[in-house]
Amino acid sequence: MFLLIVITSQSALVSKKLFQEQSPCRRFVLYYHDILFNGTDAANATSATVANKTRLGNFNFGMFVVFDDPMTIDDQLLSPPVARAQGFYFYDKKNEYNAWFAYTLVFNSSEYKGTLNIMEADLMPEKTRDLSVVGGTGDFFMARGIATLQTDNLQAKPLKNIGNKNPYNKYK
Amino acid sequence: MFLLIVITSQSALVSKKLFQEQSPCRRFVLYYHDILFNGTDAANATSATVANKTRLGNFNFGMFVVFDDPMTIDDQLLSPPVARAQGFYFYDKKNEYNAWFAYTLVFNSSEYKGTLNIMEADLMPEKTRDLSVVGGTGDFFMARGIATLQTDNLQAKPLKNIGNKNPYNKYK
Amino acid sequence: MFLLIVITSQSALVSKKLFQEQSPCRRFVLYYHDILFNGTDAANATSATVANKTRLGNFNFGMFVVFDDPMTIDDQLLSPPVARAQGFYFYDKKNEYNAWFAYTLVFNSSEYKGTLNIMEADLMPEKTRDLSVVGGTGDFFMARGIATLQTDNLQAKPLKNIGNKNPYNKYK
């Protein structure tokens, strides 16, 4: 699957005596690509299940996934990544799909060097979901703001292992 | 069990050119209710163990729990929830009970729509514990502040499965 | 192993009507000491593996560790701790060692009482890595800033169980 993310962030400049907020906000649009390890596709996989779902409900409650996903400026998996999203999510609702994320966007390009740190409930039934940017380093020193997440199906290809009931893995 | 939480937060307004801190702070008092899944009570349970405790000490070191708990404005489990607390905690001390939390308070009522994101060590032996509010969205856009946690035993009922040694499950 | 950490943080003062940023920044230099539980050394261990590594790559992808580590002002494990680092890390890269951290520094000394909350990708191949300070309580109320991490090998002793392939456990 891939997700569209729009990040609106604000960084801080610390001078000797003064703390100034930078304006205006920066905006990015990025796509991220996640391929959940199925046990045999290590060459392509970008994430793996660390703890299995529990028996609480039918929506993967407790399934815990660690990821290191490439992020691109368009929706093509094979475009050169401009950042990586490193972190985890888990499912946390017994009567529908719902998740919780914490991760770092790691930028290491000629344009940007630094990180953005993000955490939030991901209310999956909503078309767009806002996640909190709670900090950053480098070019994004002490950034704060919002990352807006949207699941993008436009370029979706059919899933091979559709039986795994992981909605984040529905398209890849 | 249920916990009393007092949240003092401060949100940010972003206008075209200016970043202003909102004053004064808002304060909430909320109760949250957690029922740990015991394998058979899926109808009532609001949390589940994702990774079992390790053998380091006798205080559940490493036990990892994911939750989606209703929050109410009084201490009654069956009051209409005004928010949900979605996230996780784990125990992390070998010689006493001590935990670490990260979660999102999801508000979706006529009064408030938005989220608050919280993370902190929970020093359980302390009567009240401050947790950091590190971000927010919607009505709590870029909120920061403190959530003060207090275990409330006043309305406690005896625990049925007292053998599980999970202090967060002592009362429900 | 032990790590050197330099924390540059900035706290907020909330007066009745005014939110002021405190200046100048505070700086700390602290060392933290981590001994991963090997199943028998409970007396000395300060961390334990909660979820095992997956089979994605050869760099512990998905291994999840909870810790409660003493922090000292020098590199001596037996110096009196001035703080504790409580939280978790996991490995998240399939082709090299790379980790992700979230933890709380808990200060409870005559000099400082309060906490700092930190989260970030830990890009282990880098000599120094900046982590985001995203919040705090007590003396560090609403702190923000940077924690700079550096693995310090100067005082390193040879590892006994070198076979466990946990680079964070290489020196202790």
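Below, the structure is looked at part by part.

**Re the packing of aromatic side chains**
One pass over the structure, following the stated rule, counts 63 aromatic pairs over all chains. The interplanar angle of 90° and the centroid separation of 5.5 Å between the aromatic rings of A:Phe64 and B:Phe64 together place this pair among those described as edge-to-face. You can see A:Phe64 sitting in strand β6 (residues 64-72) and its partner B:Phe64 sitting in strand β6 (residues 64-72), one on each of two chains. Among the residues examined, A:Phe64 registers a relative accessible area of 2% and is labelled buried. Ring geometry for A:Phe88 and C:Phe88: centres 5.8 Å apart, planes at 80°, overall edge-to-face. Placement of A:Phe88 in strand β7 (residues 83-91) and of C:Phe88 in strand β7 (residues 83-91) is noted, with the two residues assigned to different chains. When its relative accessible area of 1% is taken as the criterion, A:Phe88 is described as buried. Ring pairing ties together the aromatic residues A:Phe64, A:Phe88, A:Phe90, A:Trp100, B:Phe64, B:Phe88, B:Phe90, B:Trp100, C:Phe64, C:Phe88, C:Phe90 and C:Trp100, which thus form one cluster.

**Concerning the relation of the copies chain B and chain A**
Of the transformation superimposing chain B on chain A, the axial component is 0.0 Å and the angular component is 120°, with the fit at an RMSD of 0.0 Å. Accordingly, the operation relating the two chain copies is best matched by a three-fold axis. Across chain B, the rotation axis passes nearest the C-alpha of B:Val134, at a separation of 3.5 Å. When the interface residues of chain B are mapped onto chain A, a mere 13% of them again lie at the interface, so each copy presents a different face.

**With respect to the pairing of strand β7 (residues 83-91) of chain B**
Put simply, side chains in a regular strand alternate between the two faces of the sheet. All names here are of chain B. Burial analysis of β7 places eight of its nine residues in the buried class, which makes it a mostly covered element. Bridge count between β6 and β7: eight bridges; the pairing is antiparallel. Its bridge partner being in β7, Met71 is matched across the sheet by Ala83. In the sheet, β7 pairs with strand β8 (residues 99-108) via nine bridges, with the strands oriented antiparallel. Counterpart to Phe88 in the pairing with β8 is Ala102.

**Description of the nonpolar core**
Core analysis: the largest hydrophobic core is formed by 51 residues, its most contacted members being A:Phe88, B:Phe88 and C:Phe88. In this structure, C:Phe88 is in contact with A:Phe88, B:Phe88, B:Phe90, B:Trp100, C:Phe64, C:Val65, C:Val66, C:Phe67, C:Trp100, C:Phe101 and C:Ala102, ignoring residues within four places of it in sequence. Core analysis: the second largest hydrophobic core is formed by 27 residues, A:Ala99, A:Met124, A:Phe140 and A:Leu149 among them.

Reading the values: the criteria
- Residues numbered from 1 in each chain as written.
- Chains lettered and ligands numbered in written order.
- Predicted model: local features only at pLDDT ≥ 70, side-chain atom pairs only at ≥ 80, totals over all residues.
- Heavy atoms only, no water.
- Phe/Tyr/Trp six-rings, centres within 6.5 Å; stacked < 30°, edge-to-face > 60°.
- Helix = DSSP H or I, 4+ residues; strand = E, 2+ residues; numbered from the N terminus.
- Buried < 20%, exposed > 50% of the residue type's maximum accessible area, 1.4 Å probe, protein only.
- Least-squares fit on C-alpha atoms with pLDDT ≥ 70 in both.
- Contact = heavy atoms within 4.5 Å.
- Pairing = 2+ DSSP bridges.
- Core = buried A, V, L, I, M, F, W, Y, C linked by side-chain atoms within 4.5 Å.

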